[in-house]
Amino acid sequence: MASLAALQLSAGVLQIAEPPLNHVRTQLRELIGRQNKTYIDLSKEKYKLDCSEVARLNDMMSDVKRYKDKLTKIKKEMQSVYQRTKELKKRAANVAACKQRDYQRKLERLQHEESLIGSQ
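Residues numbered from 1 in each chain as written. Predicted model: local features only at pLDDT ≥ 70, side-chain atom pairs only at ≥ 80, totals over all residues. Heavy atoms only, no water.

## What about the overall build of the chain?
Rule in force here: Secondary structure counts use DSSP, requiring at least four H or I residues in a row for a helix and at least two E residues in a row for a strand, with both numbered from the N terminus. Restricting the calculation to C-alpha atoms gives the radius of gyration, and the globule rule supplies 2.2 Å times the number of residues raised to the power 0.38. Burial classes follow relative accessibility: with a 1.4 Å probe on protein chains only, a residue under 20% of its type's maximum area counts as buried, one over 50% as exposed, and anything between as partly exposed. Each accessible area value is a Shrake-Rupley result obtained with a 1.4 Å probe; residue values ignore everything except the protein chains displayed when judging cover. In this tally, Lys and Arg are treated as positive and Asp and Glu as negative; His is ignored, and so are the chain termini. Charged side chains are reduced to one point each, which is NZ for Lys, CZ for Arg, CG for Asp and CD for Glu.
Helix and strand counts for the chain stand at one helix and zero strands. Against the globule reference of 14 Å for 120 residues, the chain gives a C-alpha radius of gyration of 50 Å, more extended than a compact globule. Seen through its C-alpha atoms, the chain measures out along the principal axes to roughly 170 × 25 × 15 Å. The buried share of the chain, taken over its 120 residues, is 0%. Counting every atom, the chain has about 11700 Å² of accessible surface; 62% of that belongs to carbon and sulfur. In the chain, 25 side chains carry a positive charge and 15 a negative one; their mean positions are 4 Å apart.

Structural data, given as structure tokens:
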């Protein structure tokens, strides 16, 4: 008899608990399905972002190369300007020295002429 009572008790508990458990099981399956769909969507978005990041990185690298080339060109131009400036300064110093010598000679010649005129 105890076993019949136990069977009846477990059947009664099962009748009471089974419908909500089935409902929870169904909701859990739906939730897992939505979770999987969300995971797949997020993975797709991450892939898109990764691709856009790679494209952005490639653009940045090409910009770096272009700016490096510009910088190299500017550096060469600056070196050329520096060399020309150095040569011009040297030529200017030579011209100034020549003018100074010419002025000194002219001054000596004038002094010589004045001394000749003064001695007469």
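## A look at the pattern of salt bridges
One side chain can pair with another of opposite charge once the charged atoms of both are near each other. Note the threshold: Salt bridge, as used here, is a side-chain nitrogen of Lys or Arg placed within 4 Å of a carboxyl oxygen of Asp or Glu.
The tally for this structure, following the rule as stated, stands at eight salt bridges. Across the pair aspartate 50 and lysine 46 runs a salt bridge, and its minimum N-O distance is 3.1 Å. With aspartate 50 and lysine 46 both in helix H1 (residues 2–119) and four residues apart, the pair spans about one turn of that helix. Of the residues examined, aspartate 50 reaches a relative accessible area of 36% and is grouped as partly exposed. Aspartate 102 is the partner of arginine 105 in a salt bridge, and the nearest nitrogen-oxygen pair spans 3.8 Å. A residue pair is termed a helical-turn pair when its members lie 3 or 4 positions apart in one helix, as arginine 105 and aspartate 102 do in helix H1 at three residues.

## Structural notes on the UniProt feature "coiled-coil region" (unreviewed entry) in the chain
Worth spelling out the cut-off: UniProt positions are given in the numbering used here, feature names are shortened, and annotations may be inferred rather than shown by experiment.
Under the local residue numbering, the UniProt record ascribes the feature "coiled-coil region" (unreviewed entry) to residues 57–113. Along residues 57–113 one finds 100% helix and 0% strand; the C-alpha atoms at either end are 82 Å apart.

## Some points on a nonpolar patch on the surface
Selection rule: Excluding any residue in a salt bridge, patches collect residues exceeding 30% relative accessible area, merging like charges within 9 Å and nonpolar Val, Leu, Ile, Met, Phe, Trp and Tyr side chains within 5 Å.
Together, Leu28, Leu31 and Ile32 make up a nonpolar patch on the protein surface, roughly 280 Å² of accessible area in all. Tracing the sequence through the fold places leucine 28 in helix H1. Its relative accessible area of 47% is what places leucine 28 among the partly exposed residues.

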